[in-house]
Amino acid sequence: MQDSIIQLKVLGQMPDSLSSNPPEELVSKYDDLLAKVKTPLTEEEIEVLISIFPESTMYEVEWTLLHLVETYFEPKLLSKYRNLISKCPSEEWRDTMNARLDNWEKEHSKHI
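Right, let's talk about the packing of aromatic side chains for a bit. Per the counting criterion, the structure on display carries four aromatic pairs. Ring geometry for F73 versus Y81: centroids 5.3 Å apart, planes at 50°, classification tilted. Classification of F73 by relative accessible area gives buried; the value is 16%. Plain terms: the ring middles of F73 and W104 are 4.9 Å apart, the flat faces sit at 75° to each other, and that makes the pair edge-to-face. Here the residue F73 occupies a position in the loop between α4 (61-70) and α5 (78-85), and W104 occupies one in helix α6 (residues 91-109), the gap between them amounting to 31 residues. Exposure remark for W104: the relative accessible area of 27% places this residue in the partly exposed category. One aromatic cluster in this structure is built from F53, W63 and W93.

This is the structure we're talking about:
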């Protein structure tokens, strides 16, 4: 597992900027670690990343996290990816990821 992902796992779930006021240093730490993550990612690494989504938002850092998680998706991994999404501790982000995947499926079912 990548060192940056291990460090993110130790930090745990991102604090939510709507319900708390995380220090700038902590926000920067998440941002810096996410910038160091290299793709492709393993299933184990994706599980860690999914587990750190904030309840709602953390100064836009969560979008970097989402884009990293989405690099894992391949059509042949659809069921496995849906299962990984279900492990997200944030209902809002779980719903967002499912909606984005549903939209992908709708778009690509036209070409089958």
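Turning next to the nonpolar core. Membership of the largest hydrophobic core comes to 31 residues, with the highest contact counts inside it found for L8, M14, L34, L49, F53, L65 and V69. When contributions to this core are tallied by element, the ones reaching two or more residues are α1 (3-11), α2 (24-36), α3 (43-51), α4, α5 and α6. Here this core takes five residues from α4, the largest share from any one element. Not counting residues up to four positions away in its chain, the partners in contact with L34 are L8, M14, L49, V61, T64, L65 and L68.

Rules and cut-offs
Residues numbered from 1 in each chain as written. Predicted model: local features only at pLDDT ≥ 70, side-chain atom pairs only at ≥ 80, totals over all residues. Heavy atoms only, no water. Phe/Tyr/Trp six-rings, centres within 6.5 Å; stacked < 30°, edge-to-face > 60°. Buried < 20%, exposed > 50% of the residue type's maximum accessible area, 1.4 Å probe, protein only. Helix = DSSP H or I, 4+ residues; strand = E, 2+ residues; numbered from the N terminus. Core = buried A, V, L, I, M, F, W, Y, C linked by side-chain atoms within 4.5 Å. Contact = heavy atoms within 4.5 Å.

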